[in-house]
Every structure is written in structure tokens, then in C-alpha cells.
Amino acid sequence: MLIVMKQQATPDQIDAVIADIERQGCTARPIPGGERVAIGVLHNKGAMAAAHFLALPGVKDAIAVTKPYKLVSREFQPSATRIQVGEVTIGDGHFSLIAGPCAVESETQAMTIARTVRQSGANLFRAGAFKPRTSPYSFQGLKEEGLKILVKVREETGLPIVTEALDHEVFDVVEAYADVVQIGARNMQNYSLLRRAGRSKKPILLKRGLSATIEEWLMAAEYILEGGNTQVILCERGVRTFAHHSRNTLDLSAILVVVKESHLPVIVDPSHATGRRDQVIPMSRAAVAAGVHGLMVEVHNQPEQALSDGPQSLYPEQFDALCTQIQSIRAIL
Ligand code: PEP
Ligand code: MN
């Protein structure tokens, strides 16, 4: 249920509605909004009577919210969420370009790539220090040493850092170093990790699970907002299908639905979606044309030697060309 207050509702009337909601054993969550005060009702056990709220002074409307996700929905918050990361604004008319290697491999590697992607126009730097790998024998990341390298990269280039918290155990350390904490596809339904992210003050980049429906993805984001952290960036990174011509299938139409359903920024990761360098640029262009709020692209200076995801990493000059193309597409839009 969403209670919309009249424009001239007094603070006392708003407080009275909140108290009424809490008396019924529910949580009242005032929703920020320019032209109206709205109060979301959470944790209700069943349907609530709109007539009860409509009878309270100052109440304009009481709208039943039919979707299972509440705080992430446009019904609760019609205006788009903007997320500020240092000087960078993500969402709502702003386009963000996150680029970097799959993993931090060394200071020289991370710094070299960061300098070139910044030169091309990236706004944020990505690189994993804790890597989710299919095989336990594959490179697992430099861990805290990798995070320290990322801090040096930020100090030198000024680019904010996006990096993954692989589990609950490492969330604290990742949060301490990162500007944006990534939750990977395999962890999209790791509920204790989502709850921990909900208590964080840092923005969270939440990837869509390999086989997650849009509803499941939005419900995962709901966990984070319900915990108190409203700064969530959704990232479509391809889902698993019967296709073998690419690593995953980039579900671009999901973006259109999510933008309609949710006020949160939505970006696309064409690298994990395709897994193939030759598909990354065309799919990036398609995503930009579809109106995403940003891209997260893997770039490596020596992809043949990369310790992870080399075959899908763009060469720096390819990324540079992509940046020019993005500008042209955005100009047309
Ligand atoms: C990554 O961003 O490097 C990564 C492992 O992504 P995903 O969780 O989407 O597989
Ligand atoms: Mn990767």
C-alpha cells in the first residue's frame, strides 16, 4: 500500500499516518519526492483497507501495490534515482562508462589500463580483487593486495573504483576500499550478502543472476533497499540460454521493462553477456541505443596474457573507438 498525502498536508497529519501504520504492526517508509509526500507501507501481512487510510486527515490517496517489489518500484517512487559517486552522477539522463580489466593482476597492469580508459572517457574504473571463478584452480584474485592497488589507481587517475564483494566475509574490507561494491551474478540471490549490502553506505552494483527473471532481480534489489541502502545500480550481464554463439544472451528488452518498473539506474555489461571480443562493441552500441544509463566494459592492455576473461576484453584502442561511437549514438538519441 502507498499512502499519498495531500500537497497541503501538515507535518502532524503525516506523523499521524505513520503512527497509524505502525500501530497496525507494519513499517512506514516515507518516500522522497518533489511534489508530494508519500508513505510506503511495508511488512503488511495481507491486503490493507484503503478506506481506513482515506478517512485520515491529509490523505489524498491510498493505492494498493500489486507487485511484490515495493521500494524499487515506480509506484512507490515515480522519479528516477540518481546515484552520486564522487563527481560522477549515475542514472536519470546521465551516462556512465565503467571500464577496466576483469581482475587486478598487478599495479602496473591496473594503472596502465586505468590511464588509457580514463583518456578515452571512462568515468569509473572496474577490476575484481576477489574473483568468482567456475574452477577453484583458476586465478582467484589478489584479494586485499588488489584492493590496495585499486586505491592507488583512484589516487592517481581520480576514477572511482567498482569492485566485487564475493561474500559476506569480505564485504567489510571491500566496502572500506571501494566506491561502488559489486554483487556478482552468482550472488544475486545470496540473501545474507544482500542484507549486508543493505546496511552499507556505499552504492551497490547488482548484477542480474544467470537465470534470474526480472522479478527475481528486482526482489534482490528490494532486499538492499529494505535494509536502508537506496543506492542500487542494476546491471544486465546476459542470461543463460540454449545459445552457443555467445557466452550468455544479452537480454536487452529486459532493460526496457526494468526502466519502466523501477526508478533505479540500469546499466549493461556487454563483456560477460557475450564473452567474445567481436560481439562486445556491437552489443554495446545496441545497449546505448536502447537507452541504458551506462555500460560496464572489460578492457585489457594484453588480453592474451590476462589471468581472467581475456577473450572478451577489448584492446584499449577498441575501447577508445567505442567511446566515440557512444557519443554519436547518444547525440542522435
Ligand atoms: C565480473 O564482473 O568480472 C564478473 C565476474 O561478473 P558476473 O558476476 O556478471 O559473472
Ligand atoms: Mn570478468
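Preceding this paragraph is the structure being described.
The following paragraphs examine the structure supplied in this document. (Residues numbered from 1 in each chain as written. Chains lettered and ligands numbered in written order. Predicted model: local features only at pLDDT ≥ 70, side-chain atom pairs only at ≥ 80, totals over all residues. Heavy atoms only, no water.)

This next bit is on helix α1 (residues 11-23). Since the α-helix advances by 3.6 residues per turn, residues separated by three or four positions end up pointing in the same direction. With 13 residues, α1 should reach 18 Å at 1.5 Å per residue; the first-to-last C-alpha distance of 18 Å fits that figure. All buried positions along α1 are accounted for by I14, V17, I18, D20 and I21. The buried residues of α1 occupy one face: seen down the axis, they fall within an arc of 160°. When the buried face of α1 is taken as reference, the exposed residues oriented beyond 90 degrees from it are P11, D12 and R23. On its buried face, α1 is in contact with β1 (2-5), β2 (27-31), β3 (38-42), α2 (50-54) and β4 (59-63). Directly after α1, the chain includes G25, whose backbone phi takes a positive value near 85°. (Helix = DSSP H or I, 4+ residues; strand = E, 2+ residues; numbered from the N terminus. Expected span 1.5 Å × (residues − 1). Buried < 20%, exposed > 50% of the residue type's maximum accessible area, 1.4 Å probe, protein only. Arc of directions from axis to C-beta. Contact = heavy atoms within 4.5 Å.)

A four-donor tetrahedral metal ideally has 109.5 degree angles, and a six-donor octahedral metal ideally has angles of 90 or 180 degrees. Listed as protein donors to the manganese ion (ligand 2) are C102 (SG), H272 (NE2), E298 (OE) and D309 (OD); their distances from the metal cover 2.0 to 2.4 Å. Each donor residue of the manganese ion (ligand 2) lies on one chain, and together they are spaced C-x169-H-x25-E-x10-D. You can see E298 sitting in strand β14 (residues 294-298) and its partner D309 sitting in the loop between β14 and α11 (316-332), a full 11 residues away along the chain. In this structure E298 comes out as buried when scored by relative accessible area, which is 1%. (Donors = N, O, S within 2.8 Å, 3.2 Å for Na, K, Ca; no water.)

What follows deals with the pattern of salt bridges. Across all of its chains, the model carries 15 salt bridges by this definition. In this structure, E175 and R196 form a salt bridge, with 2.6 Å as the shortest nitrogen-oxygen distance. Taken as a pair, E175 in helix α5 (residues 168-177) and R196 in helix α6 (residues 191-198) lie far apart in primary sequence, 21 residues in all. For E175, a relative accessible area of 16% translates into the label buried. (Salt bridge = Lys/Arg side-chain N within 4 Å of Asp/Glu carboxyl O.)

Our focus in this paragraph is the side chain of Q109. Relative to the assigned elements, Q109 resides in helix α3 (residues 107-120). When its relative accessible area of 7% is taken as the criterion, Q109 is described as buried. Excluding residues within four positions of it along the chain, Q109 makes contact with P101, A103, V104, H300 and N301.

It is worth spelling out the sheet that holds strand β12 (residues 232-236) at this point. Sheet strands line up and pair through hydrogen bonds in the backbone, either parallel or antiparallel. Strand order in the closed barrel formed by 8 strands is β7-β8-β9-β10-β11-β12-β13-β14, and the pairing between neighbours is parallel. Put simply, the sheet's adjacent strands are angled 25° from each other on average, direction ignored. Both strand β9 (residues 161-164) and strand β10 (residues 180-183) contribute to a ladder of 3 bridges, which runs parallel. Note on β10: the bridge partner recorded for V162 is V180. Strands β9, β10 and β11 (204-207) of the sheet are contacted by α5, whose axis makes an angle of about 145° with β10. Each of β12 and β13 (266-268) is contacted by helix α8 (residues 252-261), which is oriented at about 170° to β13, the strand it contacts most. (Pairing = 2+ DSSP bridges. Axes fitted to C-alpha atoms, helices over the stretch in contact; angles between N-to-C directions.)

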